[in-house]
Amino acid sequence: MDEKDKARLAQALKGQLSEVKRPGPVIPAARSPVRPDLTPFALAACAANVHLHHHIDEALRHAEPVWNAQVAGSMLVRHPALMTLPAEEASYAFRLVGVMMAAEHDQQARSCLGEIVRDGWRPAWQTVTGGENISLERFRVMHPSKVRQEPDVEALILTWYAGIRGVAVADSPMREALDQSLIRELHRLSMVVAETDTASRSRYLAALRYGHAWWRAIAGNSGDEALAIRLSAARDVVGQVTHVENTDFPASGDIWSTAFLLATADPELDDGTAVSMLVGLSALRRQCAEPSVVPSEPMPPLPRASTGESELRKARAELASQLREVHRLSGELERTRERLSMRETEISRLMGILAARREPEAEVQYTVHTITERILIVGGHETLSRNLQTWLPNSVCIPMNGKEDLDPTVLSTTRLVVVLTSYISHSFSGKVINEAHKRDLPVLMLDWRNAKHILQEIDRALTVQQDP
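Residues numbered from 1 in each chain as written. Predicted model: local features only at pLDDT ≥ 70, side-chain atom pairs only at ≥ 80, totals over all residues. Heavy atoms only, no water.

Enquirer: I tried to follow the pairing of strand β4 (residues 443-446) on my own but got confused; where do I start?
Expert: In the case of a regular strand, side chains alternate between the two sheet surfaces. Pairing analysis gives four bridges linking strand β3 (residues 416-420) to β4, with the strands arranged parallel. Note that in β4 the partner of L420 across the bridge is L446. Between β3 and its parallel partner β4, the chain crosses via helix α17 (residues 426-438), and the hand of that crossover is right-handed. (Pairing = 2+ DSSP bridges. Helix = DSSP H or I, 4+ residues; strand = E, 2+ residues; numbered from the N terminus. Right-handed = clockwise from strand over helix to strand, strands pointing away.)

This is how it looks when you write it as structure tokens:
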């Protein structure tokens, strides 16, 4: 290397050390370039929540049949997060896959997803409904997690539903930690799927194929004509055997769960036989769930050997009905406990305020200033409402004038609910407080008629919220 080459090398090193920008590729900052798909993990979390099954059934009671037509061809159902679910939970996951695929262009499907998130994770639903830029750190401060888990299911649902609603989630260390935990979970589930035996995997794929054959059979002119003929013939035979005229098709959730049962028994059936078997199994499940119907013609006496089998089937049907009732009551009990816990927290906070008022405090001069937060104030005279509105320009005041009415949508962007107990009816105050509790909004009850004192208490309550 001659002196000129040494000089050029020294100049290049000097430029790099002095951070002089030179043309060429820019190396990005060291952070994870991988952002995993949240959808399969979110759908698996919804399906794995046993207390949410009843709400999924209610939300999809009037679902469009076309939502399930393309489920078997979706790559979501082959994701490790869904392939590792138990059969009962996987049937709910399949229904949610159909809703998710339709949500891209169907407002009704997006509303169904919103109802499911609202019933399963209300704080996350309220945060996304607010429509502001979301920070996972701020959300966790406002709603501390009682159980530490990885990945954080509540943060996962919040980020996933925010993406559906088009609400931005800020990049932050907590968001980065969520992505990293999902990548680790994906690796773990992929290893589980790789170690799954061939028989279990074939049963899973057979359930997909049976469900897809069913939707092709009921698709009408756009479906498979041969499968449609097999479906019609099977329904005629079932009607003749059961002596029940039934023109309604089974619900989509019943079809997926029945397909899993059929695949567990025999994963090698052809599509036509599978459709016929699904018709018979669905009719059998419906008869077990409904009260028995007396036939119009007398049936021949059954052999003695079938008496024990009929009693066993009847006992199994009663047990299944009792288990469903237990699940429903467990869900109601859990929701009642949550409501009581919120009420106890609110009562404790109010008792603390009352205790603080009883203690003598030095007189502090309060300077009235404009409060820009959005607050709902109900009760009081119209004159008091006008005085408060001057200092609360972004708030909503509902005085008692005989025409008071509450629009629940106002509460979606409200930070605090103030009830002026000195002049308000019991029915209207109860309605406002119940709506606030449904949305986890703090309620401040005041009996003053002085606008300055009311503004002072509002300012204190907002300060407590900002500094927990």
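So that's the structure; there's more coming.
Enquirer: What should I look at first to understand the nonpolar core in this one?
Expert: Nonpolar side chains in soluble globular proteins generally cluster together in the buried interior. L82, F94, I157, W160, Y210 and W214 are the most contacted members of the largest nonpolar core, which has 79 residues in total. Not counting chain neighbours up to four residues away, the residues in contact with Y210 comprise A259, L262, A263, D266, P267, E268, L269, A274 and L278. Counting residues in hydrophobic clusters, the runner-up holds 19 residues, among them Y366, V418, L455 and I458. (Core = buried A, V, L, I, M, F, W, Y, C linked by side-chain atoms within 4.5 Å. Buried < 20%, exposed > 50% of the residue type's maximum accessible area, 1.4 Å probe, protein only. Contact = heavy atoms within 4.5 Å.)

Enquirer: Please explain the packing of aromatic side chains as it appears in this structure.
Expert: Each aromatic ring pair is specified by the distance between its two centres and by the angle formed by the two planes. Taken as a whole and assessed by the stated rule, the structure comprises three aromatic pairs. Taking the centre distance of 5.5 Å and the plane angle of 35 degrees together, the rings of F94 and F260 count as tilted. Pair noted here: F94 is in helix α5 (residues 87-102) and F260 is in helix α13 (residues 252-265), with a separation of 166 residues, a long-range link. Comparing F94 with F260 shows no difference in burial state: the two are buried. (Phe/Tyr/Trp six-rings, centres within 6.5 Å; stacked < 30°, edge-to-face > 60°.)

Enquirer: Explain the environment of I134 here, please?
Expert: Tracing the backbone through its elements, the reader meets I134 in the loop between α7 (122-129) and α8 (136-142). Setting aside its immediate chain neighbours within four residues, I134 contacts T127, V128, L158, A162, V167, A168, V169 and A170.

Enquirer: Please explain the confidence of the model for the protein as it appears in this structure.
Expert: Do not read the predicted coordinates in detail wherever pLDDT is low. For the protein, per-residue confidence averages 78 on the pLDDT scale, and 79% of positions sit at 70 or higher. Here residues 19-32 is a poorly scored stretch, pLDDT under 50, and it has six contacts once near neighbours within four places are set aside; other chains count. With pLDDT under 50 throughout, residues 291-305 is counted as low confidence; its partners more than four residues away or in other chains account for one contact. (pLDDT = per-residue confidence, 0-100.)

Enquirer: What is the right way to look at helix α18 (residues 451-466) in this model?
Expert: In an α-helix there are 3.6 residues to a turn, and that puts residues three or four apart on one side. The terminal C-alpha atoms of α18, which comprises 16 residues, lie 23 Å apart, in line with the 22 Å expected from a rise of 1.5 Å per residue. Two to three positions downstream of the cap, the backbone nitrogen of K452 sits 2.8 Å from a side-chain oxygen, assigning the N-cap of α18 to N450. (Expected span 1.5 Å × (residues − 1). Polar contact = N/O pair within 3.5 Å; in protein donor to acceptor, adjacent residues only side chain to side chain.)

Enquirer: Is there a simple way to think about the pattern of salt bridges in this case?
Expert: A side chain with one charge may pair with a side chain of the opposite charge, provided their charged atoms come close. Within the structure shown, the criterion is met by 15 salt bridges. The shortest N-O distance in the salt bridge between E435 and K438 comes to 3.7 Å. Highlighted residues: E435 and K438, both in helix α17, separated by three residues, approximately one helical turn. On the accessibility criterion, E435 (14% relative accessible area) is buried. Connected via shared salt-bridge partners are R140, D152 and E154. (Salt bridge = Lys/Arg side-chain N within 4 Å of Asp/Glu carboxyl O.)

Enquirer: Sorry, what's going on with the side chain of E154 here?
Expert: Mapped onto the fold, E154 is located in helix α9 (residues 153-165). Setting aside anything within four residues of it in sequence, one finds E154 in contact with W121, P123, A124, F139 and R140.

Enquirer: Would you mind going over the sheet that holds strand β2 (residues 396-398) with me for this structure?
Expert: Note on sheets: strands pair through backbone hydrogen bonds, and any given pair is parallel or antiparallel. Strand order in the open sheet formed by four strands is β2-β1-β3-β4, and the pairing between neighbours is parallel. Whereas interior strands pair on both sides, the edge strands pair on one side only; in this sheet they are β2 and β4. For this sheet the average axis-to-axis angle between neighbouring strands, irrespective of direction, equals 15 degrees. Where strand β1 (residues 375-378) and β2 come together, three bridges link them in parallel fashion. Paired with L376 across the strands is V396, a residue of β2. (Axes fitted to C-alpha atoms, helices over the stretch in contact; angles between N-to-C directions.)

Enquirer: Explain the packing of helix α16 (residues 382-391) against α18 to me, please; I cannot follow it from the model alone.
Expert: A pair of packed helices can be characterised by two numbers: the angle between their axes and the separation between those axes. Orientation of α16 relative to α18, taken along the N-to-C sense of each, is 45 degrees, at an axis distance of 10 Å. The pairing of α16 with α18 is recorded here as oblique in orientation. Of the two possible hands of crossing, α16 and α18 adopt the one that is right-handed. Within the contact between the two elements, α16 uses L384, N387, L388 and W391 and α18 uses A451, I454 and L455. Taken together, the residues that form the contact of α16 with α18 break down as six nonpolar, one polar and no charged. (Parallel < 35°, antiparallel > 145°, perpendicular 65-115°, else oblique. Left-handed = near helix turned anticlockwise from the far one by under 90°. Nonpolar A, V, L, I, M, F, W, Y, C, P; charged D, E, K, R; others polar.)

Enquirer: Help me understand the side chain of S91 in this model?
Expert: In this structure, S91 sits in helix α5. Of the residues examined, S91 reaches a relative accessible area of 3% and is grouped as buried. In contact with S91, not counting residues within four places along its chain, are W256, S257 and F260.

Enquirer: Would you explain the packing of α9 against helix α10 (residues 173-195) in this entry?
Expert: One way to put it is that α9 packs onto α10 with a least axis distance of 11 Å and a crossing angle of 105 degrees. Looking at the two axes, α9 sits roughly perpendicular to α10. Contacts between α9 and α10 pair A155, L156 and T159 from the former with R175, L178 and L182 from the latter. Residue classes in the contact of α9 with α10 are distributed as four nonpolar, one polar and one charged.

Enquirer: Is there a simple way to explain a nonpolar patch on the surface in this structure?
Expert: A contiguous nonpolar patch, built from I347, M351 and L354 and spanning about 280 Å² of accessible area, is present on the exposed surface. Here M351 lies in helix α15 (residues 305-358). (Patch = residues over 30% accessible without salt bridge, like charges linked within 9 Å, V, L, I, M, F, W, Y side chains within 5 Å. Areas by Shrake-Rupley, 256 points an atom, 1.4 Å probe, with all protein chains shown as cover.)

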